[in-house]
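Results of the structural survey
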Number of protein chains: 2
Amino acid sequence: MKKAIFYHAGCPVCVNAEQQVLEAIDTQRFEIEVVHLGLDKSRIAVAEQAGIKSVPALQLDGEIFHINYGASIDEVKG
Amino acid sequence: MKKAIFYHAGCPVCVNAEQQVLEAIDTQRFEIEVVHLGLDKSRIAVAEQAGIKSVPALQLDGEIFHINYGASIDEVKG
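Because the structure is predicted, anything quoted here is derived from the model rather than measured. (Residues numbered from 1 in each chain as written. Chains lettered and ligands numbered in written order. Predicted model: local features only at pLDDT ≥ 70, side-chain atom pairs only at ≥ 80, totals over all residues. Heavy atoms only, no water.)

With 21 residues of chain A at the interface, the matching set in chain B holds 21 residues. Across the interface of chain A and chain B, roughly 1900 Å² is buried in total on both sides, 46% from carbon and sulfur atoms. For the pair chain A and chain B, the number of links is 4 salt bridges. A:Glu23 is the salt-bridge partner of B:Lys2, the closest N and O atoms lying 3.3 Å from each other. Here chain A is connected to chain B by 10 residue pairs in polar contact (both at pLDDT 80 or more). (Contact = heavy atoms within 4.5 Å. Buried area = accessible area lost by both parts, 1.4 Å probe. Salt bridge = Lys/Arg side-chain N within 4 Å of Asp/Glu carboxyl O. Polar contact = N/O pair within 3.5 Å; in protein donor to acceptor, adjacent residues only side chain to side chain.)

Put into structure tokens, the structure is as follows:
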């Protein structure tokens, strides 16, 4: 199984994107994980190392896809 | 069947995103269409009306998700 990780910070842009984008993913081939960087700050460093610059972002098998123009990772750090 | 339309303009950011994002979509529930706005300029107006501001962009059941920070629609118009 490949991995699909959806990073967000709970903002409205994120929640809408999460529901719709994740709903379209083939769960027969992709294991989905949702990470709320606003609540789980310990995952921010890993997200940054993976190349995430803003949220929401979808990581598909290691590749990063930033979705729409949400909050920057610095804004998420607070 | 729901519809997934992937809009792009042939740029490297687009082609990579197209292959990986579309590969993750569940083709049992989504009919996929790929639109190259660089070649098919007639679709630019429709894309703009749908809310597309840059490419690559994924339209899922009418909702627009801009992916990464590709070329603006004005740049695609040339």
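Following the structure, the description resumes.
On to unusual backbone geometry. Negative phi characterises most residues that are not glycine, and trans characterises most peptide bonds. A cis geometry characterises the amide bond from A:Val55 onward to A:Pro56, with omega recorded as 0°. Topologically, A:Pro56 is positioned in the loop between helix H2 (44–50) and strand S3 (57–60). In this model, B:Asp61 sits at a positive phi of 50°, which is unusual for a non-glycine residue. Within the fold, B:Asp61 resides in the loop between strand S3 (57–60) and strand S4 (63–66). (Helix = DSSP H or I, 4+ residues; strand = E, 2+ residues; numbered from the N terminus.)

With that settled, consider the sheet that holds strand S4 (residues 63–66) of chain A. What the 4 strands build is an open sheet, ordered S2-S1-S3-S4 (chain A); its pairing is mixed. Because the sheet does not close on itself, it has two edges, and the strands there are strand S2 (30–36) and S4 of chain A. Put simply, the sheet's adjacent strands are angled 20° from each other on average, direction ignored. Judged from the 7 bridges that link them, strand S1 (residues 2–8) of chain A and S2(A) form a sheet pairing that is parallel. Following the sheet pairing, A:Phe6 is matched in S2(A) by A:Val34. Contacting S1, S2 and S3 of chain A, helix H1 (residues 12–24) of chain A crosses the sheet at an angle of about 160° to S1(A). Across the face of the sheet, helix H1 (residues 12–24) of chain B comes into contact with S1, S2, S3 and S4 of chain A while running at roughly 95° to S4(A). (Pairing = 2+ DSSP bridges. Axes fitted to C-alpha atoms, helices over the stretch in contact; angles between N-to-C directions.)

This structure, assessed with the given rule, holds 1 cavity of 30 Å³ or more. Counted as a void, the largest cavity has a volume near 110 Å³. Taken together, 13 residues form the lining of the largest cavity, with A:Val21, A:Leu58, B:Val21, B:Leu58 and B:Ile67 sitting closest to its centre. Breaking the lining of the largest cavity down by element, the ones donating at least two residues are H1 of chain A together with H1 and S3 of chain B. Of the residues that constitute the lining of the largest cavity, the class distribution is 13 nonpolar, no polar and no charged. (1 Å grid on protein atoms, 1.4 Å probe; cavity = no way out; pocket = protein on both sides within 12 Å on 5 of 7 lines; lining within 4 Å. Points joined across faces, edges and corners; volume = space filled by probe spheres on them. Nonpolar A, V, L, I, M, F, W, Y, C, P; charged D, E, K, R; others polar.)

What follows is about the sheet that holds S3(B). Residue and element names in this part refer to chain B. Spatial ordering of the open sheet is given by S2-S1-S3-S4, a layout of 4 strands whose pairing is mixed. The open sheet has two edge strands, strand S2 (30–36) and S4, and neither has a second partner. Taking each pair of neighbouring strands and ignoring which way they run, the sheet shows an average axis angle of 20°.

All names here are of chain B. Where S3 meets S4, 4 bridges bridge the pair, whose relative direction is antiparallel. Opposite Leu60, over in S4, you have Glu63 as the bridge partner. In textbook terms, the turn of a hairpin is the stretch between consecutive antiparallel strands, and for S3 and S4 this stretch comprises 2 residues, one of which, Asp61, has a positive phi near 50°.

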